[in-house]
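Here's the letter readout for the chains.
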Amino acid sequence: MKPLLGGKGANLHEMTRIGLPVPPGFTATTEVCSYFYAHDRAYPPELEAEVAMALAKVEKSVCKKFGDKDRPLLVSVRSGARDSMPGMMDTILNLGMNDEVVEIVAKKTNNARFAFDLRRCCNGRPEATRRRP
């Protein structure tokens, strides 16, 4: 599956297939990247709807919603490729975190420091969101 899903996606698929506990998620195929570069850096027209459907499944599985005020879903975005490529290691952590959500997380966890640490991981310190060698 590595040619289609990239290294990380294929490994997550395999772990799921053999029954290991893997957080819910979805993988955009390597075909999206190929399309992007073959079409002047434009995404396939159906991609937005497909991502929305996949995200809705994740939201349902964890009873949270991306952008929700009461039960916000935070996600991580990880890049991968079928072959090792420079620049493909960037990771976005806690996508969905903002000033409003940090207050919600602080209140729900009764731990403001934890909430602000999550916020710092996604804003203002890009080096903290990149994979280290």
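Structure's up top.
The text that follows walks through the structure, step by step, so that each part is easy to find. In this text the structure is predicted, and so the values were computed from the model without any measurement.

What follows covers the nonpolar core. In this structure, M97, V101, V102, V105, A106, A115 and L118 together form the largest nonpolar core, which totals seven residues. Elements with a minimum of two residues in this core: α4 (99-109) and α5 (112-122). In terms of residues, this core owes the most to one element, α4, which gives four residues. Apart from the residues lying within four places of it in its own chain, the contact partners of V102 are M97, A115, F116 and R119.

According to the stated counting rule, one finds two aromatic pairs in the structure shown. Between F36 and Y37, the ring centres sit 5.1 Å apart and the planes meet at 85 degrees, which makes this aromatic pair edge-to-face. Taking relative accessible area as the criterion, F36 reaches 14% and is therefore assigned buried. Look at F36 and Y43: their rings are 4.9 Å apart centre to centre, the planes differ by 35 degrees, and that puts the pair in the tilted class.

What counts and what doesn't
- Residues numbered from 1 in each chain as written.
- Predicted model: local features only at pLDDT ≥ 70, side-chain atom pairs only at ≥ 80, totals over all residues.
- Heavy atoms only, no water.
- Core = buried A, V, L, I, M, F, W, Y, C linked by side-chain atoms within 4.5 Å.
- Buried < 20%, exposed > 50% of the residue type's maximum accessible area, 1.4 Å probe, protein only.
- Helix = DSSP H or I, 4+ residues; strand = E, 2+ residues; numbered from the N terminus.
- Contact = heavy atoms within 4.5 Å.
- Phe/Tyr/Trp six-rings, centres within 6.5 Å; stacked < 30°, edge-to-face > 60°.

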